[in-house]
Amino acid sequence: MAHINDNFIKIPATYLFSEIAKRVTQHKEAHPEANIIRMGIGDVSLPLPDAAVDAIIKAAEEQRHAETFRGYGPEQGYAFLRDAIVANDYAARGLDINADEIFVSDGAKSDTGNIGDIFSVNNRVAITDPSYPVYVDTNAMGGRAGDPNEQNVWSNLVYLPCNAENNFVPQLPTEKVDIIYLCYPNNPTGTTLTHSQLQVWVDYAKANNIIILFDAAYEAFITEENVPRSIYEIDGAKEVAIEFRSFSKTAGFTGTRCAYTVVPKQLFAFASNGEKIALNALWNRRHSTKFNGTSYVVQRAAEATYTPEGKKQVKELIAFYTENARIIRQALQKAGYTVFGGVNAPYVWAKAPEGMSSWEYFDFLLNEKNIVTTPGAGFGLSGEGFVRFSAFSSREATIEAMKRLEK
Ligand code: MLT
C-alpha cells in the first residue's frame, strides 16, 4: 500500500496564486465583457529585452547545427553565465563571490522551495509575516512547519510580524531558531531594510549559528542608496547567508525562466553527529541530482542581459515598472488609502477600507472594479486587512485602474 506525504493534506488545497487565478477565471466566465486589469501576481507585461531575444534566436540557430549543438550542460549553469553574474552582480559592487558559488536554475520560486532539501526536518524556521507563500508551504510539505490552526498559523514556525507599528522591520526572534527567511525588497509589502538593519540580522545569525535564506528577487527595483542590493554587502554575511536572485522581474523572464542561488563556500551547518558540513557541496549534490540545468538557449538570453545594450534595456524595463509603482502609490494616497512600499519594489501594500478583510476587499475590487489584486491575508496573518497591488501592468492599465479606484 502506497502512503502519501501526510504534510500535503495539512496545507491549503490550493496555492495562493492558483486560487486567485481560479476566482479571476470564474469572474471572467460570468462577465465575459469585463475589462479586467491584472495587478495580482507579479507577472511582467512588457516583452523580453531585444538583447535577450536576439541571444535566444542565435542560440536556437546554434542548436540546429551539429558543430554548435549542445545537449546536457553543467547542472550548475554554463561558465559564460556564472562568470557574467559574478562580474556584474558582485565584482562590480566590490563583492567577492566566485563562479563556483553560483547555481543557475529555472527560478527563485523553485530554489527557495527546494533549498529545504538540504536542511534537517528538526530545524526551527522563522519567517517574516507576511511573506511569499512558498516559504511556508514548502516547509509545511517538508514537515518542518508542524500543524496549522484554523487561521493557517503553523505550530512549529516562528512568525516575525512586519506591520505599520514596527515600520515593517521585523524584531529578532525571542525563541531559538535555526533558519530565517528574509526577502528584501520585500514581497509582499514592498518595504526594505537598510544596511544597518540587515547587519543586525547577520550579526544575530553569526552569533547563533543560524542560516539566513535571503530572497533578493526584487533587488533591481532598489532606488534608495542605503538599501543593500545583496546581503553580501553586509559584513559577515558570507558565513551565514544563501542568496536567491532571479531574472524574472529584472529582465522579464517570468515565462522564460532563469534564476540563480549563491551558496558561499564559507557557509556551514551541522550534521546530527555535530560535524560541520559545507552547504555549497551539499547544494551542489542536490542540484546536480535533481536538476539537469537551465536550457542553453535561456542561459544565453540571461547572459545577454549583462551586455551594454542588454543592461540599458533592462534599466528601461525597471524604470517603467517603477514609474507604475509611483503612479499606484500616489493615486492610492490621493484617494485616502494608507500605503506602503512601491519605492524600492514593484509592489504597493495598501490598507483595505475600515472593516473590510483582505479577501472581502479583493472580491470587491474584482467584482465591482474589475481589478485583480492579491489579498494580504494570503501572505500570512499579519497581511490581514491589506491588499497588494503589483506594478507590472501596462501603463494604460495602471492609469485606468487608478481612475476606477478614484471613483
Ligand atoms: C508574486 O506575485 O508574489 C510573485 O510573482 C510570485 C512568484 O514570483 O512566484
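Across soluble globular proteins, nonpolar side chains show a tendency to be buried alongside one another. Judged by nonpolar contacts, the single largest core of 104 residues is most densely connected at Ile212, Ile231 and Phe253. Among the elements that take part in this core, helix H4 (residues 79-90) stands out by supplying six residues, more than any other. Inspection of this core shows a minimum of three residues originating in each of domain 1 (13-47 + 309-406) and domain 2 (57-304). Each residue touching phenylalanine 253, except ones within four places of it in the same chain, is listed here: Leu48, Ala52, Phe247, Ser248, Cys258, Val298, Ala301, Ala302 and Thr305. Membership of the second largest hydrophobic core comes to 22 residues, among which are Leu332, Val339, Ala352 and Leu365.

Next up on the list: the domain arrangement of the protein chain. Accessible area lost during the coming together of the parts is what is often quoted as the interface size. Assigned domains within the protein chain: domain 1 (13-47 + 309-406) and domain 2 (57-304). Here domain 1 and domain 2 have C-alpha centroids that lie 25 Å from each other. Listed by partner, the interface residues are 30 residues for domain 1 and 37 residues for domain 2. For the pair domain 1 and domain 2, the summed buried area comes to about 2,600 Å², and 62% of that belongs to carbon and sulfur atoms. The largest per-residue losses of area from domain 1 upon contact with domain 2 belong to Tyr15, Asn344 and Phe379, which jointly make up 25% of the total buried on that side. Our count for the domain 1 to domain 2 interface comes out at zero salt bridges. Seen at the junction of domain 1 and domain 2, the total is 11 residue pairs in polar contact (both at pLDDT 80 or more). Here the side of domain 1 that touches domain 2 gets seven residues from one element, more than from any other, and that element is helix H11 (residues 308-334). Within the side of domain 1 that touches domain 2, the residues separate by chemical class into 17 nonpolar, 10 polar and three charged.

The next subject is the site of the ligand. In the vicinity of the ligand, the contacting residues are Phe17, Ile41, Gly42, Lys109, Tyr132, Asn187, Tyr218, Lys249, Tyr347 and Arg388. For the ligand, an oxygen atom lies 2.6 Å from a polar atom in the side chain of tyrosine 132. Interatomic distance of 2.6 Å between a side-chain N/O atom of arginine 388 and an oxygen atom of the ligand. Partitioned by chemical class, the residues of the shell around the ligand number five nonpolar, two polar and three charged.

Taking strand neighbours across the sheet as the criterion, the seven strands line up as E2-E8-E7-E6-E5-E3-E4 in an open arrangement whose pairing is mixed. Since the sheet does not close on itself, it has two edges, and those belong to strand E2 (102-105) and strand E4 (158-161), each with one partner. This sheet shows a mean twist of 20° between the axes of neighbouring strands, independent of strand direction. In the sheet, strand E6 (residues 211-215) pairs with strand E7 (residues 241-246) via four bridges, with the strands oriented parallel. The residue bridging leucine 213 from the neighbouring strand is isoleucine 242, located in E7.

This next bit is on the sheet that holds strand E14 (residues 374-375). Taken together, the four strands give an open sheet; going across it, the order is E11-E12-E15-E14, and neighbouring strands pair in antiparallel fashion. The outermost strands of the open sheet, each flanked by one partner alone, are strand E11 (339-341) and E14. Where E11 meets strand E12 (residues 347-351), three bridges bridge the pair, whose relative direction is antiparallel. Across the sheet, phenylalanine 340 pairs through a bridge with tryptophan 349, a residue of E12. Across the sheet, helix H12 (residues 358-369) is in contact with E14 and strand E15 (386-390); its angle to E15 comes to roughly 45°.

Right, let's talk about the pairing of strand E5 (residues 179-183) for a bit. With respect to burial, E5 is a largely interior element, five of its five residues being buried. Judged from the three bridges that link them, strand E3 (residues 125-129) and E5 form a sheet pairing that is parallel. Residue pairing across strands places valine 125 opposite isoleucine 179, the latter belonging to E5. Bridge count between E5 and E6: five bridges; the pairing is parallel. Its bridge partner being in E6, tyrosine 181 is matched across the sheet by leucine 213. Assessed by its sense of winding, the connection that carries the chain from E5 through helix H7 (residues 195-207) to E6 is right-handed.

A few words on helix H2 (residues 16-30). Compared with an ideal rise of 1.5 Å per residue, which puts 15 residues at 21 Å, H2 spans 22 Å between its outermost C-alpha atoms and is within 8% of the ideal. Structurally, H2 contributes buried residues whose contacts are with strand E1 (37-38), helix H6 (133-141), H12, strand E13 (371-372), E14 and E15.

Bringing the side chain of histidine 287 into the picture now. Structurally, histidine 287 can be placed in helix H9 (residues 279-290). Note on histidine 287: relative accessible area 2%, which makes it buried. Not counting the four nearest positions on each side in its chain, histidine 287 is found in contact with Glu75, Gln76, Phe103, Val104 and Ser105.

Looking now at the packing of aromatic side chains. If you walk through the whole model with that rule in mind, you get 25 aromatic pairs. Here the aromatic rings of phenylalanine 221 and phenylalanine 392 are separated by 5.9 Å at their centres, their planes lie at 85°, and the arrangement is edge-to-face. Of this pair, phenylalanine 221 sits in the loop between E6 and E7 while phenylalanine 392 sits in the loop between E15 and helix H13 (395-406), and the two are 171 residues apart along the sequence. Per residue, the accessibility class of phenylalanine 221 equals that of phenylalanine 392, and both read buried.

What counts and how
As a convention, each chain's residues are numbered from 1 in the sequence order in which they are written. Local features in this predicted model are restricted to residues of pLDDT 70 or higher, and side-chain atom pairs are both shown and tallied only at a pLDDT of 80 or more, whereas totals for entire chains, interfaces and linings draw on every residue. Here the side-chain values reflect all heavy atoms present in the structure, with hydrogen atoms and water set aside. We define the nonpolar core as a collection of buried residues of types Ala, Val, Leu, Ile, Met, Phe, Trp, Tyr and Cys that are connected through side-chain atoms lying within 4.5 Å of one another. Buried residues are those whose accessible area, probed at 1.4 Å on protein chains only, stays under 20% of the maximum for their type, while exposed residues exceed 50% and partly exposed ones sit between those limits. Helix and strand definitions here come from DSSP, where helices need a minimum of 4 consecutive H or I residues and strands a minimum of 2 consecutive E residues; each element is numbered from the N-terminal end. Reported domain spans reflect what an automatic or database domain assignment gives. Contacts between residues were defined by any pair of non-hydrogen atoms, one from each residue, lying within 4.5 Å. When two components associate, each loses some accessible surface as probed by a 1.4 Å sphere; the sum of these losses over both components is called the buried area. Salt bridge criterion: a side-chain nitrogen from Lys or Arg within 4 Å of a carboxyl oxygen from Asp or Glu. Side-chain atoms alone can form a polar contact between residues adjacent in sequence; in general such a contact is a pair of N or O atoms within 3.5 Å, and within protein one must be able to donate a hydrogen while the other accepts it. Residues are grouped as follows: Ala, Val, Leu, Ile, Met, Phe, Trp, Tyr, Cys and Pro are nonpolar; Asp, Glu, Lys and Arg are charged; every other residue, Gly included, is polar. The criterion for a residue being near a molecule or strand is simple. One of its heavy atoms has to lie within 4 Å of it. Whether two strands pair comes down to DSSP finding at least two bridges between them. Only C-alpha atoms enter the line fits that serve as axes; for helices the fit covers just the stretch in contact. Angles between N-to-C directions range over 0 to 180 degrees. Looking down the strands as they point away from the viewer, one classifies a crossover as right-handed if the path from the first strand across the helix to the second runs clockwise. By this rule the span expected of a helix is its residue count minus one, scaled by 1.5 Å. Stacked, tilted and edge-to-face are the three classes assigned to paired rings of Phe, Tyr and Trp, where Trp is represented by its six-membered ring and a pair needs centres within 6.5 Å; plane angles under 30 degrees give stacked, over 60 edge-to-face, the rest tilted.

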